[in-house]
Amino acid sequence: LELVEREIFVGFVRLINRWKPTQSLNIETGALAASVIGSDKSSGHWELEKASGDEYRLKNRLKPELYINIEGNRLQASTIQPGWWSARWKLIPVQ
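J.: Looking at this model, I keep getting lost on the pattern of salt bridges. Mind explaining?
T.: Close approach of charged atoms allows side chains with opposite charge to pair. For the coordinates displayed, the defined rule picks out five salt bridges. A salt bridge links Asp54 to Lys90; its shortest N-O distance comes to 4.0 Å. Placement of the pair is Asp54 in the loop between strand E5 (46–52) and strand E6 (55–60) and Lys90 in strand E9 (residues 89–90), with a sequence separation of 36 residues. Residue class for Lys90 comes out partly exposed when judged on its relative accessible area of 44%. Among the ionic pairs, Glu55 bridges to Arg88, the shortest N-O distance being 3.2 Å. In this pair, Glu55 is assigned in strand E6 and Arg88 in the loop between strand E8 (76–78) and E9, connecting sequence segments 33 residues apart. Residue class for Arg88 comes out partly exposed when judged on its relative accessible area of 24%. Residues participating in the shared-partner salt-bridge network are Glu47, Glu49, Arg57 and Lys59.

Laid out in structure tokens, this is it:
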């Protein structure tokens, strides 16, 4: 996951797709999806929670118990265990 563009929203970010910049990661309909939603929708706001070193967990603003992870080899937003590496992300700048 590359963080292409961040819109700062009071300590939260929106994860916006580079190819389709009208789409952002959100849980507006329940499951994690990339879709068009308003920038004011907290279902598309993510907190960069420091995990360790240069790694972060991505916690949802609307439902703070949900984190972006790839547990079970699929991208999802779900509750996690503190030690799950599947919920840790590095933010790599795009050139």
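J.: Would you mind going over the nonpolar core with me for this structure?
T.: Side chains that are nonpolar tend, in soluble globular proteins, to be buried together. Listed in full, the 11 residues of the largest apolar core are Val13, Leu15, Leu25, Ile27, Leu32, Trp46, Leu58, Leu66, Ile68, Ala77 and Trp89. Beyond its immediate sequence surroundings of up to four residues, Leu32 is in contact with Leu25, Asn26, Ile27, Trp46, Ile68, Leu75, Gln76 and Ala77.

J.: What is the right way to read the side chain of Arg57 from this model?
T.: Along the chain, the position of Arg57 falls in strand E6. Not counting chain neighbours up to four residues away, the residues in contact with Arg57 comprise Glu47, Leu48, Glu49, Lys50, Ala51, Tyr67, Ile80, Pro82, Ala87 and Arg88.

J.: Any chance you could explain the pairing of E6 here in plain terms?
T.: Every regular strand shows the same layout, with side chains that alternate between the two sheet faces. Note: E5 against E6, six bridges, orientation antiparallel. Looking across to E6, one finds that Glu49 is bridged to Arg57. Linking E5 to E6, which pair antiparallel, is a turn of two residues; within it Gly53 sits at a positive phi near 50°. Two elements, E6 and E9, share two bridges in a ladder whose sense is antiparallel.

The rules behind these values
- Residues numbered from 1 in each chain as written.
- Predicted model: local features only at pLDDT ≥ 70, side-chain atom pairs only at ≥ 80, totals over all residues.
- Heavy atoms only, no water.
- Salt bridge = Lys/Arg side-chain N within 4 Å of Asp/Glu carboxyl O.
- Helix = DSSP H or I, 4+ residues; strand = E, 2+ residues; numbered from the N terminus.
- Buried < 20%, exposed > 50% of the residue type's maximum accessible area, 1.4 Å probe, protein only.
- Core = buried A, V, L, I, M, F, W, Y, C linked by side-chain atoms within 4.5 Å.
- Contact = heavy atoms within 4.5 Å.
- Pairing = 2+ DSSP bridges.

Purely geometric numbers; function is a separate question.
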